Amino acid sequence: MSERLAKQATQLARELGDRNSLCSLLINRHLVPRHVMSARDIDARVIELDELVKLSQDIDNDELKQRAHSLDLYISAELGERARMDRAVAAMGELGEGRQRLLAKWIAHHGDAMRAILDGDFPAAEVLAREGLELGRQTHGAQSEGVYGIQMFSIRREQGRLAEVAQVIKHLIEENPEGSTWLPGFALIAADLGFEAPARLRLREMAETGFDMPLDAKRSTSLSYLAEVAALLGDTESAARLYELMSVYRHMTITMGIATVCYGAASRYLGMLATTLGEFDKAAAHFEHALKMNGAMGARAWLAHTK
């Protein structure tokens, strides 16, 4: 029913020539998690983004422009559209500098850090993430720590320096034991550092819920962390369930938040899970897709991992 009502409202806004309402409706449509099942779906999403961005540019409303560019950045990253993602970050930066919007500057800085991580330029990414944190503290206070934390976790992991952030994430879990946001990351740290028992414990705790987690912008990333844990531990039962849950992302990347981190093609993680399950032909097909997607979007670190 919500889909039908949204289409009716969009059509009415078009008929009335109400560009502000139409822009808001198109933004709301992109706020609902949607998977792409084929190349045709990707093309359709890009056309929708084109309309949204063009419409926002024709309206004298910086808030709508900011929301449109943010969604363009996030969805372009999810679709593996690197050139489009780069343009969205640049547009957000221009909006922040030209109109002195701190929130836009914050997103643009973290977007630049996100791109540097994709490129494998971790020293530059660290500087950009720190600058983003300072801007974020002026707009979002303590909430800005989460984006910075995930980016630094990703950077330190690629640098082989995970031990430096392990205690920080452990502290975050202890502060909010009911929350599950950091649990997959902590399980991955434990598995990477060779602490098999706590990694198995965390994986088992989440497996008992069927890996139930919110349908939000963190879901695919949390699943990818757990996929790596299951593969590292050779846990076939968890791998089977995670493969099922992650299959909906097979044509997409693993992307967290508007401008937090992109871990490249989801198919790499599906390949790892299929390997764990002994389904080698299926794994090979996933890895071939990951090589193509990661190469096309310049995701050097994840291309190296895939190879």
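The sections below set out a description of the structure shown in this document.

Procedures and definitions
- Residues numbered from 1 in each chain as written.
- Predicted model: local features only at pLDDT ≥ 70, side-chain atom pairs only at ≥ 80, totals over all residues.
- Heavy atoms only, no water.
- Buried < 20%, exposed > 50% of the residue type's maximum accessible area, 1.4 Å probe, protein only.
- Helix = DSSP H or I, 4+ residues; strand = E, 2+ residues; numbered from the N terminus.
- Axes fitted to C-alpha atoms, helices over the stretch in contact; angles between N-to-C directions.
- Parallel < 35°, antiparallel > 145°, perpendicular 65-115°, else oblique.
- Left-handed = near helix turned anticlockwise from the far one by under 90°.
- Contact = heavy atoms within 4.5 Å.
- Nonpolar A, V, L, I, M, F, W, Y, C, P; charged D, E, K, R; others polar.

Across the 10 residues of helix α10 (residues 183-192), 9 count as buried, placing the element largely inside the fold. Phi for Gly194, located one or two positions after α10, is positive at around 90°.

Of note, Phe211 is a non-glycine position whose phi angle comes to about 55°, a positive value. With respect to the helices and strands, Phe211 occurs in the loop between α11 (196-207) and α12 (219-233). Take Phe211: its relative accessible area is 2%, and that puts it in the buried class.

To continue, consider the packing of helix α3 (residues 39-57) against helix α4 (residues 62-79). Between two packed helices, both the angle of their axes relative to each other and the distance between the axes serve to describe the pair. Axis separation between α3 and α4 bottoms out at 9 Å; the angle between their running directions is 160°. Taken together, the axis directions place α3 and α4 in an arrangement best described as roughly antiparallel. For α3 against α4, the interelement crossing comes out left-handed. Between α3 and α4, the residues in contact are Ile42, Arg45, Val46, Leu49, Leu52, Val53, Ser56 and Gln57 and Leu64, Lys65, Ala68, His69, Leu71, Asp72, Ile75, Ser76, Glu78 and Leu79, respectively. For the contact of α3 with α4, the residue count by class is 10 nonpolar, 4 polar and 4 charged.

These figures capture arrangement, not role.
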